[in-house]
Amino acid sequence: MCIEKVNINGLNMQVFSYNTVVVGSGAAALNSADRVYRFGQQDVAIVTEGLLMGTSRNTGSDKQTYYKLTLSGKTPDSIWEMAQTLYDGGCMDGDTALAEAALSSQAFYHLVDIGVPFPHNCYGEFIGYKTDHDPRQRATSAGPLTSRFMTEKLEAQVKQKNIPVFDGYQVIRILTDSAQEKVLGLLCLNLNNLDDEDSRYVLFNATNVVYATGGPAGIYATSVYPPSQTGATGLAFEAGVKGKNLTESQYGIASIKFRWNLSGTYQQVLPRYISTAADGSDQREFLDEYFASPGKMLDAIFLKGYQWPFDPRKVADYGSSLIDILVYHETVIKGRRVFLDFLANPSSSEANGEMDFSLLGDESYTYLKNSKALFGTPIQRLAHMNRPAIELYRSNGIDLTKELLEIAVCAQHNNGGLEGNSWWESNLKHFFPVGEVNGSHGVYRPGGSALNAGQVGSTRAAQYIAARYTTEPPEISAFLGAVQNQVNARIQLGQGFLAKVGTNSNVTDIRQHLGERMSKYGAHIRSLEHAASAADQAETELRNLVDQTTITSPIELGYCFQNYDLLLTQYVYLLAIKDYIQQGGRSRGSYLVFDPKGQLPLECLPEEFKFTLTEDPSFLHKIQRVIYQEGKCTFYWDQVRPLPQEDSWFENVWNKYLNDQIIE
Ligand SMILES: Cc1cc2nc3c(=O)[nH]c(=O)nc-3n(C[C@H](O)[C@H](O)[C@H](O)COP(=O)(O)OP(=O)(O)OC[C@H]3O[C@@H](n4cnc5c(N)ncnc54)[C@H](O)[C@@H]3O)c2cc1C
């Protein structure tokens, strides 16, 4: 590492030089820094806007899942089979799927070894369970806060090795060579010193950048990502990094005051779904009027427990995803608010003041019977079946035994993202997107594979860096010569924001406005017309951002740069949706696409819910990629790379290994 002070256009700045800079401090970033160091490259540092920020550290779910090869029991499993499962999700490259399967046990056992409390039996078998899109029982969990445990234990590893952590440093520009073929470093805002113009900006001169900035959470207003996660995908587009499968994200029902997925027992206890006017008046149950019978409604609510993400294949015949459509209809189209009520049973399912469990279908009835929960009210059943679920809300200021729980259909995960090869290196050389910002997944993915992909990708990137990209970064003078124009342009943008310091700030209004647009037009309900007009609006707002922004102090500069990134990200994502529909893509994954020739889920719903499923199977075998240049997006559709048919004869692999021909 080396530090120098330089002066750029009258501003003093520190420049730090490292072989590798890792951006972010989620599970993927921390693992990457730890691995780069372990594999022999000790000139590595972490740069994060906040060590305790991001999704991994601040989220969880009923049983937060980690997906890996089967490591217990008699059921056979293999790396190939697991790769096939990942690949069969559609639009996932085979080499990536194979690497994610191959390294899944290594990545998992590493977490076990550093202290993540995954449960095992007395013989050391890590028992699994079946998660969604999983033909085996490959899933495991350390409880509701698996990803938090991961960050805590990985952070301890980073601290043990004295890997420097630049905490409170927000990346605002990725610096490249003039052809945008190779990354050269980063320009950051020092959030700890925004008032001081001589320490406000900091430069990193790096041979390699591992980019682990998480999902683009901030483009949505309605979201179950933690509030501290915003994302920085747009900065990578701007630096010439390709995007992939950007249309593919997951959405589902979550509480919004405290952000938490309402899966599992929260639905299986059969709460009432209530809607009110915006001011809380006119309270009424609204699901009944859409379902053919109370029994069908109860079964759909129950199934929502297992079938959490919205899935257009589960809408027909009063399926569980019809509920997501009805919640969207109430909240977004009618402008009402929706709540879960655990205090009383759905009124249409009561007889003589008691819940009539005979209305339930076999699956729901048997489950509740086996759980000895055929009694009382939803809150009594929840207390009986999963008391910690009530405690969790209580510890976050919501008492389910007394109050209603406000909900919405929320953005939860981005399956697509930035492009990386099978070593997680992007088309921008020496730049490695890992974790959720890397779009390694396709349309459908097994629950828990996001956390696995983050650990595997960050390990693969570290292996490659330690083996192949070991050179020191260039002399500071050479670095500055190459990046000065990009730095000047970004500081000018900052000066533009700073020129708007006054008595009022509108940065949070801008954020709310852009987020509402995406939640309305680019989330689980989409159309060609709305995607196109929303993309136009995002582009216009991006162009006019400096003029439209007002702030009250330099402290808000970080927020301004985030708004810049989010508008750019949103623009590219909305154009990806538009291009997908223009190419003939229809409803799939976790979204519904308006199709005027399609069917309505129910005759009484408005036209905009008419849809058809993407029936053309070729759509699952081709991947949409995008490159953003000079404000315009160019889209490509490539065939999915098949699962590699590797030569696995031991002597041959050993020979290649001894001749250092594996990492290429
Ligand atoms: C409610 C919920 C439940 C989930 N459940 C599961 C599950 O059961 N199983 C599963 O596999 N996955 C699950 N996921 C997804 C999974 O948790 C995430 O994909 C994963 O934690 C992302 O990890 P990451 O390290 O890539 O990013 P994050 O943990 O989001 O970290 C990103 C980091 O980058 C930093 N950063 C961002 N921008 C900048 C910038 N410009 N400059 C500096 N730093 C920056 C952030 O502050 C943060 O530290 C769930 C997600 C949610 C929201």
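Use the structure listed above.
Here the structure is a predicted model, which is why all the values come from computation and not from measurement.

### What about the overall build of the protein?
Now for step 1: Secondary structure assignment for the protein yields 20 helices and 24 strands.
Now for step 2: Evaluated residue by residue, the protein yields a buried proportion of 60% over its 664 residues.
Now for step 3: For the protein, contacts bridging at least 24 residues in sequence account for 74% of all contacts bridging at least 6.
Now for step 4: Side-chain charges of the protein comprise 57 positive and 74 negative groups, with the mean position of each set lying 2 Å from the other.

### Here we look at the sheet that holds strand 12 (residues 260-261)
Now for step 1: Pairing within the open sheet is antiparallel, and its six strands lie in the order 12-11-18-15-13-14. Among the strands making up the open sheet, the edge pair consists of strand 12 and strand 14 (284-285).
Now for step 2: In this structure, strand 11 (residues 249-255) lies alongside strand 12, joined through two bridges in antiparallel fashion. Paired with Ala254 across the two strands is Asn261, which belongs to strand 12.

### A look at the nonpolar core
Now for step 1: Residues Ile174, Tyr201, Leu203, Phe204, Tyr211, Tyr273 and Phe431 are the most contacted members of the largest nonpolar core, which totals 141 residues.
Now for step 2: The residues contacting Leu203, other than those within four sequence positions of it, are Ile8, Met13, Gln14, Val15, Phe16, Leu175, Leu186, Leu187, Phe479, Leu480 and Val487.
Now for step 3: Within the second largest apolar cluster, 39 residues are counted, among which are Val210, Trp423, Leu451 and Tyr469.

### A look at helix 9 (residues 294-304)
Now for step 1: Every buried residue belonging to helix 9 is among Gly295, Met297, Leu298, Ala300, Ile301, Phe302 and Lys304, and all of these are buried.
Now for step 2: In this structure, the buried residues of helix 9 make contact with strand 11, helix 8 (265-268), strand 13 (272-276), helix 10 (322-333), strand 17 (354-355) and helix 11 (362-370).

### Some remarks on the packing of helix 1 (residues 27-38) against helix 6 (residues 146-160)
Now for step 1: It is at 9 Å that the axes of helix 1 and helix 6 come closest, and there the two elements cross at 30 degrees. In terms of axis orientation, helix 1 runs roughly parallel to helix 6. Of the two elements, helix 1 crosses helix 6, and the hand of that crossing is left-handed. Contacts between helix 1 and helix 6 involve Ala27, Leu30, Asn31, Ala33, Asp34 and Arg38 from the former and Met150, Thr151, Leu154, Glu155, Gln157 and Val158 from the latter.

### Observations regarding the state of the cysteines
Now for step 1: Going through the model one piece at a time under the given rule, you end up with zero disulfides.
Now for step 2: Just so you know, Cys633 is unpaired, no disulfide at all, and the nearest cysteine sulfur is the one on Cys91, 19 Å from it.
Now for step 3: Judged by relative accessible area, Cys633 falls into the buried class, the value being 19%.

### Observations concerning the packing of aromatic side chains
Between two aromatic rings, the relevant description is the distance of the centres plus the angle of the planes.
Now for step 1: As enumerated under the stated definition, the model contains 35 aromatic pairs in all.
Now for step 2: Aromatic pair Phe108 and Tyr109: ring centres 5.7 Å apart, planes at 55 degrees, arrangement tilted.
Now for step 3: Looking at Tyr109, the relative accessible area reads 32%, which means it is partly exposed.
Now for step 4: Both rings, one in Tyr464 and one in Tyr469, keep their centres 5.3 Å apart while their planes meet at 75 degrees; by these two values the pair is edge-to-face.
Now for step 5: What makes Tyr464 buried here is its relative accessible area of 11%.

### A word on the site of the ligand
Now for step 1: Surveying the vicinity of the ligand reveals 37 residues, the closest of which are Glu49, Ser56, Thr65, Glu436 and Leu451.
Now for step 2: One of the backbone N or O atoms of Thr55 is found 2.9 Å from an oxygen atom in the ligand.
Now for step 3: Here an oxygen atom of the ligand sits 3.4 Å away from a polar atom, N or O, in the side chain of Gln229.
Now for step 4: Breaking the shell around the ligand down by element, the ones donating at least two residues are helix 1, helix 2 (55-58), strand 7 (169-176), strand 18 (405-414) and helix 14 (449-468).
Now for step 5: Residue composition of the shell around the ligand, by class: 12 nonpolar, 23 polar and two charged.

### Description of the layout of surface pockets
Now for step 1: In this structure, the second largest pocket spans a volume of roughly 1100 Å³.
Now for step 2: Around the second largest pocket sit 27 residues that line it, and Leu98, Arg460, Glu646, Val653 and Ile662 are the ones nearest its centre.
Now for step 3: Sorting the residues of the lining of the second largest pocket by element identifies helix 3 (79-88), helix 4 (94-102), helix 14 and helix 20 (650-658) as the ones contributing at least two each.
Now for step 4: Counted by class, the lining of the second largest pocket contains 14 nonpolar, seven polar and six charged residues.

### A look at the environment of Leu567
Now for step 1: Position of Leu567 relative to the elements: it lies in helix 19 (residues 557-582).
Now for step 2: With a relative accessible area of 0%, Leu567 lands in the buried category.
Now for step 3: Apart from the residues lying within four places of it in its own chain, the contact partners of Leu567 are Leu514, Arg517, Ala538, Glu541, Leu542 and Leu545.

### Remarks on the side chain of Thr207
Now for step 1: Turning to its location among the elements, Thr207 is positioned in strand 9 (residues 201-211).
Now for step 2: Owing to a relative accessible area of 6%, Thr207 belongs among the buried residues under this scheme.
Now for step 3: With sequence-adjacent residues up to four places away left out, Thr207 is seen in contact with Tyr18, Asn19, Val183, His430, Tyr469, Thr471, Glu472 and Pro473.

### Describing a nonpolar patch on the surface
Now for step 1: Taken together, Phe650, Val653, Trp654, Tyr657, Leu658 and Ile662 make up a surface patch of nonpolar side chains, about 660 Å² in accessible area.
Now for step 2: On the secondary structure map, Phe650 appears in helix 20.
Now for step 3: Relative accessible area serves as the criterion here: at 53%, Phe650 is assigned to the exposed category.

### Thoughts on helix 17 (residues 528-543)
Now for step 1: If you check helix 17, its first and last C-alpha atoms are 23 Å apart, about what 16 residues at 1.5 Å a residue would give, namely 22 Å.
Now for step 2: Taken as a whole, helix 17 has its buried residues at Ala531, Ala532, Ala534, Ala535, Ala538, Glu539 and Leu542.
Now for step 3: Summarising the contacts, the buried residues of helix 17 are in contact with helix 16 (507-521), helix 18 (545-548), helix 19, strand 23 (622-629) and strand 24 (632-639).

Parameters at a glance
- Residue numbers run consecutively from 1 along every chain, following the written order of its sequence.
- Totals for whole chains, interfaces and linings use all residues, but because this is a predicted model, local features are given only for residues with pLDDT of at least 70 and pairs of side-chain atoms are given and counted only at 80 or more.
- Where side-chain values are given, they derive from all heavy atoms of the structure, hydrogens and water being excluded.
- Secondary structure elements are taken from DSSP: a helix is a run of H or I of four residues or more, a strand is a run of E of two residues or more, and numbering for both begins at the N terminus.
- We call a residue buried when its accessible area falls under 20% of the maximum for its residue type, exposed when it is over 50%, and partly exposed in between, using a 1.4 Å probe and counting protein chains only.
- Throughout, a residue-residue contact means that at least one pair of heavy atoms, one from each residue, lies within 4.5 Å.
- All tallies of charge rest on Lys and Arg as positive and Asp and Glu as negative; His and the ends of each chain are not included.
- Where a charge lies is defined by one atom per residue type, namely NZ (Lys), CZ (Arg), CG (Asp) and CD (Glu).
- Following DSSP output, two strands are said to pair if at least two bridges run between them.
- We call a set of buried Ala, Val, Leu, Ile, Met, Phe, Trp, Tyr and Cys residues a nonpolar core when their side-chain atoms join them within 4.5 Å.
- Fitted lines through C-alpha atoms give the axes, limited to the stretch in contact for helices. The angle between two N-to-C directions lies from 0 to 180 degrees.
- Oblique is the label for any angle not under 35 degrees, not over 145, and not in the 65 to 115 range, which are roughly parallel, roughly antiparallel and roughly perpendicular in turn.
- The hand of a helix crossing depends on one turn: near helix anticlockwise from the far one by less than a right angle means left-handed, and clockwise means right-handed.
- Our working definition of a disulfide is a cysteine sulfur pair at a distance within 2.5 Å.
- Centres within 6.5 Å are what make two rings of Phe, Tyr or Trp a pair, Trp counting through its six-membered ring; a difference in plane orientation under 30 degrees is then read as stacked, over 60 as edge-to-face, and the rest as tilted.
- Each residue is tested against the molecule or strand, and it is near if at least one of its non-hydrogen atoms lies within 4 Å.
- Counting of polar contacts relies on pairs of N or O atoms within 3.5 Å, with two restrictions inside protein: one atom must be capable of donating a hydrogen and the other of accepting it, and residues adjacent in sequence are counted only when both atoms are side-chain atoms.
- Asp, Glu, Lys and Arg are counted as charged, while Ala, Val, Leu, Ile, Met, Phe, Trp, Tyr, Cys and Pro are counted as nonpolar; the rest, among them Gly, fall into the polar class.
- Points on a 1 Å grid, built from protein atoms alone, make a cavity when a 1.4 Å probe fits but cannot get out and make a pocket when they are open with protein on both sides within 12 Å along at least 5 of 7 lines; residues with an atom within 4 Å of a point are the lining residues.
- Grid points are joined across faces, edges and corners, and a volume is the space filled by probe spheres set on the points.
- Every patch collects residues that have over 30% relative accessible area and no salt bridge, joining them within 9 Å if they carry like charges and within 5 Å if they are nonpolar side chains (Val, Leu, Ile, Met, Phe, Trp, Tyr).
- All accessibility values rest on the Shrake-Rupley procedure with a 1.4 Å probe; residue burial counts only the protein chains present in the view.
- Salt-bridge detection follows one rule: a side-chain nitrogen of Lys or Arg within 4 Å of a carboxyl oxygen of Asp or Glu.
- Take the number of residues in a helix, subtract one, and multiply by 1.5 Å to get its expected span.

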